[in-house]
Amino acid sequence: MKVWIEQEYCTGDGLCEELCPAVFEMGDDGLAHESDVLDAQAQCAGECIYVKL
Ligand code: SF4
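Worth saying up front: this structure is predicted, and the values here are computed from it rather than measured.

**Student:** How would you explain the overall build of the protein if you had to name every residue and give the values?
**Tutor:** Of regular secondary structure, the protein possesses 3 helices and 2 strands. Secondary structure elements in the protein, listed N-terminal to C-terminal, are β-α-α-α-β. Burial analysis of the protein (53 residues in total) assigns 23% to the buried set. Accessible surface for the protein amounts to roughly 3800 Å². Of this, 47% is attributable to carbon and sulfur atoms.

**Student:** How would you summarise unusual backbone geometry if you had to cite specific residues and measurements?
**Tutor:** A positive phi angle, close to 50 degrees, is found at E47, a residue other than glycine. The residue E47 is located in the loop between α3 (34-43) and β2 (49-52) in this model.

**Student:** Break down the site of the ligand for me, citing the residues and quoting the values.
**Tutor:** The environment of the ligand is formed by I5, C10, T11, G12, D13, G14, L15, C16, C44, G46, C48 and I49. Class assignment of the residues belonging to the shell around the ligand gives a composition of 7 nonpolar, 4 polar and 1 charged.

**Student:** A description of the environment of G12 should follow, citing residues and the corresponding values.
**Tutor:** Secondary-structure assignment places G12 in the loop between β1 (2-5) and α1 (15-19). Since its relative accessible area comes to 58%, G12 is described here as exposed. Residues G12 and A45, 33 residues apart in the sequence, show an inter-C-alpha distance of 9.0 Å.

**Student:** Quick one: what's the story with the packing of aromatic side chains, residue by residue and with numbers?
**Tutor:** Remark: the centre distance and the inter-plane angle together describe each pair of aromatic rings, the angle taken between the planes. By the definition in use, this model includes 1 aromatic pair. Stacked on the ring of W4, the Lys or Arg K2 has its end atom at 5.4 Å from the ring centre.

**Student:** Lay out a nonpolar patch on the surface with the relevant residues and their values.
**Tutor:** A surface patch of nonpolar side chains, about 280 Å² in accessible area, is lined by M1, L38 and L53. By the secondary structure assignment, L38 is in helix α3.

Scoring rules and cut-offs
- Residues numbered from 1 in each chain as written.
- Predicted model: local features only at pLDDT ≥ 70, side-chain atom pairs only at ≥ 80, totals over all residues.
- Heavy atoms only, no water.
- Helix = DSSP H or I, 4+ residues; strand = E, 2+ residues; numbered from the N terminus.
- Buried < 20%, exposed > 50% of the residue type's maximum accessible area, 1.4 Å probe, protein only.
- Areas by Shrake-Rupley, 256 points an atom, 1.4 Å probe, with all protein chains shown as cover.
- Near = heavy atom within 4 Å.
- Nonpolar A, V, L, I, M, F, W, Y, C, P; charged D, E, K, R; others polar.
- Phe/Tyr/Trp six-rings, centres within 6.5 Å; stacked < 30°, edge-to-face > 60°.
- Lys NZ or Arg CZ within 6 Å of the ring centre and 35° of its normal.
- Patch = residues over 30% accessible without salt bridge, like charges linked within 9 Å, V, L, I, M, F, W, Y side chains within 5 Å.
- Salt bridge = Lys/Arg side-chain N within 4 Å of Asp/Glu carboxyl O.

Right, dumping it as structure tokens:
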């Protein structure tokens, strides 16, 4: 899984880190937290989280 953020659209609300700190705090561990990543993507205020499965 590859996860990235288009930072120009990020509102900085920190929701992604709250929902999935293993990925959004560490930046590179998507495999063990796939459902959390997708949850964060769905709730991202800036709609700027991209996931390639
Ligand atoms: S949830 Fe989206 S808008 Fe909010 S901090 Fe994360 S990337 Fe930025």
